[in-house]
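# A closer look at the structure
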Amino acid sequence: MLIELQGIVKDYRLGLEIVHALNGIDIRIDQNEYVAIMGPSGSGKSTLMNLIGCLDTPTEGTYFLNGSNVSHMDDDQLAEIRNREIGFVFQNFNLLPRASALHNVELPLIYNGTPASQRRDLAEEALIKVGLKDRMGHRPNELSGGQRQRVAVARALVNKPSIILADEPTGNLDTRTGDEIMDLFEDLHDGGNTIILVTHEEYIAEHSDRIIRLRDGRVERDESN
Amino acid sequence: MVISWSELGEGLRIALNSLKANRLRTVLTTLGILIGVIVVTVIIAVIQGLNVYVSEELSSLGTDNVYISRYPWMITSYEEWLRVSKRKRITENQFRFIQKHSRHAGVVVPEIVTRRTSRYRNESLDRVQIIGTTEDYIATSNSLPEMGRFFGETDVGVRRAVCVIGREVADRLFRNENPVGRRMKIGGHSFLVLGVLEKRGQMFGHSMDNNAIIPYSTFEKLFGRHRSFEIQVKAGGAEFVDALRDELEGLMRRARGLGAGQENDFSINQQSQLMEVYNNLTRVLWIVLIGIGSIALLVGGIGIMNIMLVSVTERTREIGVRKAIGAKRRIILWQFLVESMFISGIGVTIGLLISIGIALFVKQVSPLPVHLSTWIIFLGIGFTVAIGMFFGLYPASKAARLDPIEALRYE
Ligand SMILES: Nc1ncnc2c1ncn2[C@@H]1O[C@H](COP(=O)(O)OP(=O)(O)OP(=O)(O)O)[C@@H](O)[C@H]1O
Ligand SMILES: [Mg+2]
């Protein structure tokens, strides 16, 4: 089992008020699954993605990732897990504005100590995979939205992570470019990657094999597609 | 804290990029550091230069010489001046008395001084220092003839009109001629030149080579006997200097007929007194150095801290991204420390370059041998690292401790 969430609770404290963003979540996700997470705004999708992505730890419950319990790890241990196991694709791309596409993609490799000689090759390979062979030296502001998101996808997969997490990856793209990105995810899935994405759009969720619907921090429905 | 080469390279890259993007801001930030570095290095260079200068100047006085004079070398107040100005002159008899009775003295030499115009053929030199003394003057003044000879005991005994001249007088009156054996005029009287002294350089800006040395007996016969003597005494050895000083004080009091309750009406001077004055002066310089330097560096450091805090805030999103894809705390910390050290390094480097310029300029236009050497490089590296680290640490650790989710969400 790749991901195993047991009784996950996430509370946020806002002054005196406590917000229950997640209210007891049990989810298991296997290798090479393609999962869409849906639900109304404020239902806890992003919060769940952050936990799965090891950007945060749960208030209660346990999270096993690849067999190891990551629920209580500290900042640096989580950073290492993120680097090794997770590739993020964000709605707003989150590329480094002053770095070239190539350098953006190299970044995860820098942080896991890949030797410089291999770094370039791996980054180029990833960029070719997302169809940006001739845009490697461009900076984000010299690329279209779709191209930026491709760079982000290349960065997410360059480390060959266990999971690719995408929180509304097409949210800032028009339908056509969004579809191109979805095709890319399809390819990655066919290539053996595990993909979890958050979306508001049913037609985007159609690409997945399984849809998990959240409401008020609980799993409302979890069914294969 | 272990940092890989890749991480180190990334830190430098980030620092460079960020500095390139904010050139003006960076330069303005380094201004404080720059001024601090200039103040510190220039003052150190001046102190070092002064050290060299003063020890060279004072070396001609000799550490084991004691000088009995009418006035102290250093008069520190008007009251003191009023008091000492009434002193009676020191006479030839007192010199003879010291010479006869001192047991710790190696050599005892009189010195009387005036200024006279000197001539040779058509050349003439005003205000040449005329020194009347004995043959032992060689021992107390460290001046040896480089041509000819010094005058001897008999020359003094029979009041011969002979002289030994300084290098400058020789050069300016005799040009390319050898002065030894020639006759020259001093204050209208004819003198035979016996020798030329080695060049002695300057002492406190005044030439020690613009002089003519003659027997004091001749001096008194030709230029009058009303002048006060200075008695120069060389100790039999450096270890006797203090004993000699005490002995001379006692002898002088006797020679001048002072009663038990009366104050000394003469001064016993030594090189060490000048050294003391000098050391007090440099102490003040050091305090100024530490004061101004640390204020400027503090201001500069706070400037760096401020700009780094701005930089951390501006790049919150970037920090979030880096953390999300696996940058650990120490890497973020390092990234910002590199940047702050880079900024302080720029300030230090520009500051040092300006200091070197100032030092070269001062060397050109003043007699101060301003001294800049390799220590300045180590000082620079030390400043860079210390300021960059110290003032960069807070902003950097603030960045390192950012929560990745909040950082990513930052607008
Ligand atoms: N840092 C936080 N502090 C306080 N409350 C938070 C915080 N993050 C999320 N929440 C709350 O937790 C709940 C779930 O938020 P979350 O961002 O997971 O929703 P979402 O499903 O992603 O919504 P959307 O579709 O609008 O992105 C919301 O009520 C939100 O206000
Ligand atoms: Mg969300």
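### Overview of the site of ligand 1
- The environment of ligand 1 is formed by 14 residues, the closest being Ser41, Gly42, Lys45, Ser46 and Thr47 of chain A.
- In this structure, ligand 1 is bordered by residues of chains A and B.
- In the environment of ligand 1, an oxygen atom lies 2.5 Å from a nitrogen or oxygen atom belonging to the side chain of Thr47 of chain A.
- Secondary structure elements with two or more residues in the shell around ligand 1: β1 (3-14) and α1 (45-52) of chain A.
- Each residue belonging to the shell around ligand 1 can be placed in one class, and the counts come to four nonpolar, seven polar and three charged.

### Describing empty space enclosed by the protein
- This structure, assessed with the given rule, holds four cavities of 30 Å³ or more.
- Together, Leu96, Pro97, Arg98, Ala99 and His103 of chain A together with Glu10, Arg13, Ile14, Asn17, Arg315, Glu318 and Arg322 of chain B line the largest cavity.
- Elements that contribute at least two residues to the lining of the largest cavity include exactly α1 (5-21) and α11 (316-324) of chain B.
- If one sorts the elements of the lining of the largest cavity by residue count, α1 of chain B sits on top with four residues.
- Class assignment for the residues of the lining of the largest cavity results in four nonpolar, two polar and six charged.
- Its volume calculated, the second largest cavity comes out at about 80 Å³.
- The wall of the second largest cavity is formed by 13 residues, among which Ile86, Gly87, Pro108 and Arg155 of chain A together with Ile325 of chain B lie closest to the centre.
- Residue assignment for the lining of the second largest cavity shows that the elements contributing at least two residues are α2 (75-85), β6 (86-89) and α5 (145-157) of chain A.
- In terms of residue count, β6 of chain A provides more of the lining of the second largest cavity than any other element does, three residues in total.
- Split by residue class, the lining of the second largest cavity holds eight nonpolar, three polar and two charged.

### Brief notes about unusual backbone geometry
Residue and element names in this part refer to chain B.
- Here Arg127, not a glycine, exhibits a phi torsion of approximately 50°, which is positive.
- Relative to the helices and strands, Arg127 is located in strand β3 (residues 123-133).
- Unusually for a residue other than glycine, Arg175 sits at a positive phi of about 50°.
- Summarising the element assignment, Arg175 is placed in the loop between α7 (167-174) and β6 (183-186).
- The exposed category is assigned to Arg175, whose relative accessible area is 54%.

### Some words on a positive patch on the surface
- There is a patch of like positive charges on the surface, built from Arg98 and Arg139 of chain A together with Lys20 and Arg23 of chain B.
- Within the secondary structure, Arg98 of chain A sits in the loop between β6 and α3 (101-111).
- We classify Arg98 of chain A as partly exposed; its relative accessible area is 32%.

### Details of α2 of chain A
- Within α2 of chain A the residues assigned to the buried category are Leu78, Ala79, Ile81, Arg82, Asn83 and Glu85 of chain A.
- Looking at the packing, one finds that the buried side of α2 of chain A touches β4 (60-65), β6, α3 and β7 (163-167) of chain A together with α11 and α14 (404-409) of chain B.
- Capping the start of α2 of chain A is the job of one residue whose side-chain oxygen sits 3.1 Å from the backbone nitrogen of Asp76 of chain A: Asp74 of chain A.

### Overview of the interface of chain A and chain B
- Contact with chain A, which involves 24 residues of that partner, is made by 24 residues of chain B.
- Of the roughly 2300 Å² buried between chain A and chain B, counting both surfaces, carbon and sulfur atoms make up 55%.
- Together, Asp75, Arg98 and Tyr111 of chain A form the three largest contributors to the area buried by chain A at its contact with chain B, with a combined 29%.
- Counting across the interface, chain A meets chain B through three salt bridges.
- Note that Asp75 of chain A and Lys323 of chain B form a salt bridge whose closest N and O atoms lie 3.2 Å from each other.
- Linking chain A with chain B are eleven residue pairs in polar contact (both at pLDDT 80 or more), by the criterion used here.
- Breaking the side of chain A that touches chain B down by element, the ones donating at least two residues are α2 and α3 of chain A.
- Here the element with the most residues in the side of chain A that touches chain B is α2 of chain A; it accounts for six residues.
- Residue composition of the side of chain A that touches chain B, by class: ten nonpolar, six polar and eight charged.

The rules behind each value
- Along every chain, residues carry numbers that run from 1 in the direction the sequence is written.
- Think of it this way: whatever chain is written first is A, whatever ligand is written first is 1, and the rest follow in order.
- It should be noted that, the model being predicted, local features are given only for residues of pLDDT at least 70 and side-chain atom pairs only at 80 or more, the latter also being counted only at that level, while totals for whole chains, interfaces and linings use all residues.
- To get the side-chain values, all heavy atoms of the structure are used, and hydrogens and water are removed first.
- The criterion for a residue being near a molecule or strand is simple. One of its heavy atoms has to lie within 4 Å of it.
- Counted as a polar contact is a pair of N or O atoms within 3.5 Å, where, for protein atoms, one must be capable of donating a hydrogen and the other of accepting one, and residues adjacent in sequence contribute only when both atoms are in side chains.
- Helix and strand definitions here come from DSSP, where helices need a minimum of 4 consecutive H or I residues and strands a minimum of 2 consecutive E residues; each element is numbered from the N-terminal end.
- Classification convention: Asp, Glu, Lys, Arg as charged; Ala, Val, Leu, Ile, Met, Phe, Trp, Tyr, Cys, Pro as nonpolar; all other residues, Gly among them, as polar.
- Throughout, the protein atoms alone are placed on a 1 Å grid, and a set of points is a cavity if a 1.4 Å probe fits but cannot get out or a pocket if it is open with protein on both sides within 12 Å along at least five of seven lines; lining residues have an atom within 4 Å of a point.
- Grid points are joined across faces, edges and corners, and a volume is the space filled by probe spheres set on the points.
- For every residue, the accessible area (1.4 Å probe, protein chains only) is compared with the maximum for its type, and the residue is labelled buried under 20%, exposed over 50%, or partly exposed between those bounds.
- What goes into a patch is any residue over 30% in relative accessible area without a salt bridge, connected to like charges within 9 Å or, for nonpolar side chains (Val, Leu, Ile, Met, Phe, Trp, Tyr), within 5 Å.
- Accessible surface area values rest on a Shrake-Rupley calculation with a 1.4 Å probe, where residue burial reflects the displayed protein chains alone.
- Think of a salt bridge as a Lys or Arg side-chain nitrogen and an Asp or Glu carboxyl oxygen that are within 4 Å of each other.
- Under this rule, positive means Lys or Arg and negative means Asp or Glu; His and the chain ends count for nothing.
- Note that the charge is assigned to NZ on lysines, CZ on arginines, CG on aspartates and CD on glutamates.
- Any two residues whose heavy atoms approach within 4.5 Å at even a single point are treated as in contact.
- Two parts placed together each lose some accessible area under a 1.4 Å probe, and the buried area is that loss summed for both.

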